[in-house]
Amino acid sequence: MQEQPDAGSVLPQSGGPLSQYSTAQLLRFLIPSLIGVMLFLVPFEINGKSNILIAYVIDYINDVVKPMMVPVTVGVATIPSLLTLLVTFSALKKNPNRFIQLFNPGLGWTTVRVIGAVLMVMTYWKIGPEWIWHRNTGGVMLYDVGPVVLAIYFLSAILLPLLTDYGLMEFVGSLVSRGFEKLFGLPGRAAVDCMASWLAASSVGIILTTQQYRQGFYTSREACVIATNFSIVSIAYSYLLLKLIGMEHVFVPWYIAVAITGLLCALIVPKLPPLRGKPNAYNPVVGKQLKTDRREGEGLFALGLRRAIERADTAPSIFAQVRHGVHVSMDIAISVYPAMMLIGCLGLAVVEFTPLFKYMAIPLVPYMELLQLPEAEKAAPALLAGMVDSIMPSILGANIQSEVTRFVMVGVAVNQIIFFTEAAILLIRADIGLKLRDLLMIYVLRVLVSLPILALLGHLIVG
């Protein structure tokens, strides 16, 4: 619903909106917010490559510590898993200390952590069956995926409050609230969420959405819709996927096609089960924190600025933000890493060593042929392998001759959002109301909706 002015509260009329606040108040809102925008939302060209600053920082960290990244990845998976065993099966599990409780996730997650850590060690030392440590199974998770997402998790959790806690989301949300509400039925602040996902990484968007739900700014349904419809992989990673399949020469029109497809999916998929049935209820721990306090005669700019200033005034100290960010990043890393290894290793082993995906793809072949996509029998299994990891369609489909088919495959891989080596695990762990069956249904819907849109655009652009 659109906000209506509160007739009982009148905005002071003297001076412009900026004159109502002190310089200190404005700077407390502007400085952290602008730093956050520069880090997460503004592309820069450095050394001939265009990317956002946080991506350069992540790449720099990975390059500097590259010789140690794989051992660090193994350590992040195994050491917390051993501590989890210690806490779970000792009196420490009753200790209320927040740090200790990170290692008391319950029996189910303890099992996942331990199995994932064992698989990580087996892959690192090449112990046991080859299907576990093969370069295209456990090796992908250990050498390709794990080191990259490690820096993303830590930096995102620590730096994302620059976007969320100092008023930027209140300001932008107020300005675009009408458009977002009319198009997607979402609060305007979700626009920042979407931009962070598209320009940074899908995990960044999911973490941001989860934080907003936990703080009472999204309902369960809103958080589920945002996380499963806007948290696509970043522009930089999209370029990598397209380059792997030899199509980087059409990146700009291809990405425009991906964006159009993503917007149409965001309009269609939330109106279907399971998202349609998610409750419009806020986190019961904190209740609704989203304000509907527009004053009589108050324009959208003045409303956004006032909300931003109020939010910045109540923001925790930098020390508290960093401490909370470290706690969140540790929780994500020690839970997601082993689970990512477990699901990724098993899923990629199924792709590499069994014909399961070929059988699963049989119903998809006539659908792709109806859309006049050549080599559908080869493309369909590769496309479905994106369920395991979004990089798989590019790896498995690199030998497909048809440019239109490759164009569509990688577009669907970007738009599907749900892949089980990272996004799906984060979404289940986030506890915003999504179950495994929900994610599978959403994945199928997004593939079925994306295919005809991208097929049409693919035929127009490269056909």
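As the structure is a computational prediction, the values presented were derived from the model and not from experiment.

Calculation rules
Residues numbered from 1 in each chain as written. Predicted model: local features only at pLDDT ≥ 70, side-chain atom pairs only at ≥ 80, totals over all residues. Heavy atoms only, no water. Phe/Tyr/Trp six-rings, centres within 6.5 Å; stacked < 30°, edge-to-face > 60°. Buried < 20%, exposed > 50% of the residue type's maximum accessible area, 1.4 Å probe, protein only. Core = buried A, V, L, I, M, F, W, Y, C linked by side-chain atoms within 4.5 Å. Helix = DSSP H or I, 4+ residues; strand = E, 2+ residues; numbered from the N terminus. Contact = heavy atoms within 4.5 Å. Axes fitted to C-alpha atoms, helices over the stretch in contact; angles between N-to-C directions. Parallel < 35°, antiparallel > 145°, perpendicular 65-115°, else oblique. Left-handed = near helix turned anticlockwise from the far one by under 90°. Nonpolar A, V, L, I, M, F, W, Y, C, P; charged D, E, K, R; others polar. Expected span 1.5 Å × (residues − 1). pLDDT = per-residue confidence, 0-100. Salt bridge = Lys/Arg side-chain N within 4 Å of Asp/Glu carboxyl O.

## Some thoughts on the packing of aromatic side chains
If you walk through the whole model with that rule in mind, you get 10 aromatic pairs. Ring centres of tyrosine 124 and tryptophan 125 lie 5.1 Å apart, and the angle between their planes is 80 degrees; on these two criteria the pair is classed as edge-to-face. Overall, the relative accessible area of 29% leaves tyrosine 124 in the partly exposed class. Judged by centre distance (5.3 Å) and plane angle (85 degrees), the rings of phenylalanine 184 and phenylalanine 230 are edge-to-face.

## Observations regarding the nonpolar core
Ranked by size, the top nonpolar core spans 126 residues in total, and within it Trp254, Tyr337, Met368, Ile418, Ile432 and Leu451 carry the most contacts. It is helix H16 (residues 318-353) that provides the largest number of residues to this core, a total of 12 residues. When residues no more than four places from it in sequence are discounted, the contact partners of tryptophan 254 are Ser238, Leu242, Phe407, Val410, Gly411 and Val414. Counting residues in each nonpolar core, the second largest holds eight residues, with Leu26, Phe171, Ala308 and Ala312 among its members.

## Digging into the packing of H16 against helix H22 (residues 423-430)
The angle between the axes and the distance between the axes are what describe a pair of packed helices. The N-to-C vectors of H16 and H22 enclose an angle of 130 degrees; their axes lie 9 Å apart at closest approach. Comparing their axes, H22 and H16 come out oblique. You can see that H16 and H22 cross each other, and the crossing is right-handed. Facing H16, whose interface residues are Asp331, Ile332, Ser335, Val336, Ala339, Met340 and Ile343, H22 presents Ile425, Leu426 and Arg429. Residue composition of the contact of H16 with H22, by class: seven nonpolar, one polar and two charged.

## Re helix H2 (residues 53-64)
For an α-helix, the turn length of 3.6 residues means that residues three or four places apart are oriented alike. For H2, built from 12 residues, the straight-helix expectation of 16 Å at 1.5 Å per residue is met to within 8% by its first-to-last C-alpha distance of 16 Å. Listed as buried for H2 are Ile54, Ala55, Tyr56, Ile58 and Asn62.

## Focus: unusual backbone geometry
Cis geometry marks the peptide bond from proline 273 to proline 274; its omega dihedral reads 5 degrees. As for its placement among the helices and strands, proline 274 is situated in the loop between helix H14 (251-268) and strand S4 (295-296). The backbone phi angle of isoleucine 417 is positive, close to 65 degrees, even though this residue is not glycine. If you trace the backbone, isoleucine 417 turns up in the loop between helix H21 (403-415) and H22. Overall, isoleucine 417 belongs to the buried group, its relative accessible area being 1%. At aspartate 431, a residue that is not glycine, the phi angle is positive and equals roughly 60 degrees. Here aspartate 431 shows up in the loop between H22 and helix H23 (436-461).

## What to know about the confidence of the model for the protein
Of all residues in the protein, 92% attain a pLDDT of 70 or more, and the chain-wide mean is 85. Confidence drops under a pLDDT of 50 for residues 7-13, and excluding neighbours within four residues, the segment shows 12 contacts in the predicted structure.

## Concerning the pattern of salt bridges
Counted by the stated rule, this structure contains six salt bridges. Here aspartate 438 makes a salt bridge to lysine 278, at a shortest N to O gap of 2.7 Å. In this pair, aspartate 438 is assigned in helix H23 and lysine 278 in the loop between H14 and S4, connecting sequence segments 160 residues apart. You'll find aspartate 438 and lysine 278 in the same group, each marked buried. A salt bridge links lysine 378 to glutamate 375; the shortest N-O distance between them is 3.7 Å. A relative accessible area of 48% means that lysine 378 is categorised as partly exposed. Taking the relative accessible area as the measure of exposure, glutamate 375 reaches 26% and is therefore partly exposed. Residues joined by salt bridges that share partners form a network here, namely Asp165, Glu170 and Arg311.

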